[in-house]
Amino acid sequence: QVQLVESGGGLVQAGDSLRLSCAASGRTFSTYAMGWFRQAPGKEREFVAAIRWTSDKIYYAEYADSVKGRFTISRDNAKYTVYLQMNSLKPEDTAVYFCAAGRRSTVVVTPNYDYWGQGTQVTVSS
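Overview of the structure. Note that the coordinates shown come from a computational prediction; the quantities given were computed from them, not determined experimentally.

Conventions we followed
- Counting from 1, residues in each chain are numbered in the order their sequence is written.
- A pLDDT threshold of at least 70 governs which residues receive local features in this predicted model, and a stricter bar of 80 or more applies before side-chain atom pairs are shown or counted, although totals over entire chains, interfaces and linings include all residues.
- Hydrogens and waters are ignored; side-chain quantities use all the structure's heavy atoms.
- Residues enter a nonpolar core if they are buried and are Ala, Val, Leu, Ile, Met, Phe, Trp, Tyr or Cys, with the set joined through side-chain atoms within 4.5 Å.
- Between buried and exposed lies partly exposed: a residue is buried under 20% and exposed over 50% of the maximum accessible area for its type, with that area taken using a 1.4 Å probe on protein chains only.
- Numbered from the N terminus, helices here are DSSP runs of H or I no shorter than four residues, and strands are runs of E no shorter than two.
- Throughout, a residue-residue contact means that at least one pair of heavy atoms, one from each residue, lies within 4.5 Å.

Take the nonpolar core next. A general trend in soluble globular proteins is that nonpolar side chains are found buried together. Core analysis: the largest hydrophobic core is formed by 36 residues, its most contacted members being Leu4, Met34, Trp36, Leu84, Met86 and Tyr97. When residues of this core are traced back to their parent elements, those giving at least two are β3 (18–24), β4 (33–39), β5 (46–53), β7 (71–76), β8 (81–86), β9 (95–102) and β11 (120–125). In contact with Leu84, other than residues within four places in its own chain, are Leu18, Arg19, Leu20, Trp36, Val48, Ala49, Phe71, Thr72, Ile73 and Tyr97.

Here you go:
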């Protein structure tokens, strides 16, 4: 069982930055692929970024096209925490951001994650 708790959301202006954190429980944190998803009102939950362990024994990050070059996902296994650094925020980034953990190599779809946090609200004003 893995419990996830997000933090770091808030209200910012367009162009500002935020860093989201996701604290995880569980000793096997390093073996999980960790993802960030977001859900805006009236829309489906969508993939934002993920970081997973590969067969080459490196962590590999993937990003949605809409956030490439602006967002960076990272993890600190010693702290059981994954981060999402969000720069150059836009009003269309406004959503509830969710952290998720899973063990499958395809990280861009919600069904491949086994554990979810409660979410943290990010609001970007124009």
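For the rest of this paragraph, the subject is unusual backbone geometry. For Tyr80, which is not a glycine, the phi torsion comes out positive at approximately 55 degrees. Among the secondary structure elements, Tyr80 is positioned in the loop between β7 and β8. Positive phi outside glycine occurs at Ser88, with the angle close to 50 degrees. With respect to the helices, strands and loops of the structure, Ser88 is situated in the loop between β8 and β9.

Just distances and angles here, no functional claims.
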